[in-house]
Amino acid sequence: MSQNATRRIHVIGIGAGSPAHVTAEAAEALAEVDVFLVADKGAVTDELVAVRQAICERFIAEDHPYEFVTVPDPRRGPDAERDAAQYSQGVRDWHAARTRAYVEVIEQLPDGAVVGFLVWGDPAFYDSTIRIVDAIREHLATSVRVVPGISAFQALAAAHGIVLHRIGEPVHVTTGRRLVQEWTRTQEAGIDLGTVVVMLDGQLHCRELAATHPDTVIHWGAYVGMPQQALRSGRLADVIDEIVDLRGRLREEHGWVMDVYALTPRG
Ligand SMILES: C[S@@+](CC[C@H](N)C(=O)[O-])C[C@H]1O[C@@H](n2cnc3c(N)ncnc32)[C@H](O)[C@@H]1O
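Residues numbered from 1 in each chain as written. Predicted model: local features only at pLDDT ≥ 70, side-chain atom pairs only at ≥ 80, totals over all residues. Heavy atoms only, no water.

(A) How the structure looks around the packing of helix H3 (residues 84-107) against helix H4 (residues 129-136). In the contact formed by H3 and H4, the axes pass within 9 Å of each other and the chain directions differ by 60°. Taken as axis vectors, H3 and H4 run oblique relative to one another. Along this stretch, H3 crosses H4, giving a crossing that reads as right-handed. The residues of H4 that touch H3, namely those facing His95, Arg98, Thr99, Tyr102, Val103 and Ile106, are Ile132, Ala135 and Ile136. For the contact of H3 with H4, the residue count by class is six nonpolar, two polar and one charged. (Axes fitted to C-alpha atoms, helices over the stretch in contact; angles between N-to-C directions. Helix = DSSP H or I, 4+ residues; strand = E, 2+ residues; numbered from the N terminus. Parallel < 35°, antiparallel > 145°, perpendicular 65-115°, else oblique. Left-handed = near helix turned anticlockwise from the far one by under 90°. Contact = heavy atoms within 4.5 Å. Nonpolar A, V, L, I, M, F, W, Y, C, P; charged D, E, K, R; others polar.)

(B) Spatial organisation of H3. Here H3 spans 34 Å end to end across 24 residues, near enough to the 34 Å set by a 1.5 Å rise per residue. When we look at burial in H3, the residues that qualify are Gly90, Val91, Trp94, His95, Ala97, Arg98, Thr99, Ala101, Tyr102, Val103 and Ile106. Summarising the contacts, the buried residues of H3 are in contact with strand E1 (8-13), strand E2 (35-40), strand E3 (67-72), strand E4 (114-119) and H4. (Expected span 1.5 Å × (residues − 1). Buried < 20%, exposed > 50% of the residue type's maximum accessible area, 1.4 Å probe, protein only.)

(C) Geometry of the environment of Val147. Within the secondary structure layout, Val147 lies in strand E5 (residues 143-147). As for Val147 and His21, which are separated by 126 residues in sequence, their C-alpha atoms are 13 Å apart. With residues near it in sequence (within four places) discarded, Val147 still touches Val11, Ile12, Gly13, Thr23, Glu25, Ala26, Ala29 and Pro123.

(D) Here's a closer look at the site of the ligand. Ala16, Trp120, Phe125, Ser151 and Asp259 are the nearest of the 16 residues found near the ligand. Phe125 has a polar backbone atom sitting 2.8 Å from a nitrogen atom of the ligand. At 2.6 Å, a backbone N or O of Asp259 approaches an oxygen atom of the ligand. For the ligand, whose free accessible area comes to 560 Å², the fraction covered by protein is 90%. Here the shell around the ligand is built from residues that sort into 11 nonpolar, three polar and two charged. (Near = heavy atom within 4 Å. Polar contact = N/O pair within 3.5 Å; in protein donor to acceptor, adjacent residues only side chain to side chain. Areas by Shrake-Rupley, 256 points an atom, 1.4 Å probe, with all protein chains shown as cover.)

Following this line, the structure appears as structure tokens:
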């Protein structure tokens, strides 16, 4: 391990895509960063880097020099064809390759440099940056500061003007990949998950619940907080076809789409 402990890493939650989501604490941390590391994800990178650059231009004083370094993202295997164990192993291998790539870049930086990772939304939800930074610290001595951000599902709730859960009830946050199995198994076991928030669902798996749970209420949003924002809500069986269609059209129009939704069983 390098004994250079003077490098610092800031993991900064920047909110779900709107510069207005950047908190005062995030702005303060941004202003200390010398080098922002960004994973090169190919086609979507330009847009994601552009959002990050706009945030830096807005919140970092002109006399503070900083640069963006794009680190090639290692190729990730075909998740859809993998079972759960293969998927977890694939993600672990991918994280290890990513870690090596970052360590190589950080090692080249001068003593005292502050490295910034700008994390979409909040670093605590479905983001590997904190795990990768922990792994980086196994190779390089650095201190770490994590700054929370507004998560996509908080922005979704605000955009719809709703409280996510009924009074005193729970919220379950999960991925599209797990939704149907978790929903079905817990219902069969008589377990109440409360409102289920679904992220990372490129397939809108909630479609599969529309026939069996038509009265479930969905609050859906794409590009929440961004100029392209699209929102729909209603009884799942009534609105799901429109959402599927709209999502497809938006993806075609913009080249990418990020969406999140909340499902609340009719009480
Ligand atoms: C890799 S996860 C990152 C989550 C992020 N850390 C957060 O707290 O929002 C990406 C997922 O977040 C959701 N997401 C992020 N930004 C969004 C936005 N502006 N509008 C809708 N969904 C968004 C989508 O479900 C997307 O698949």
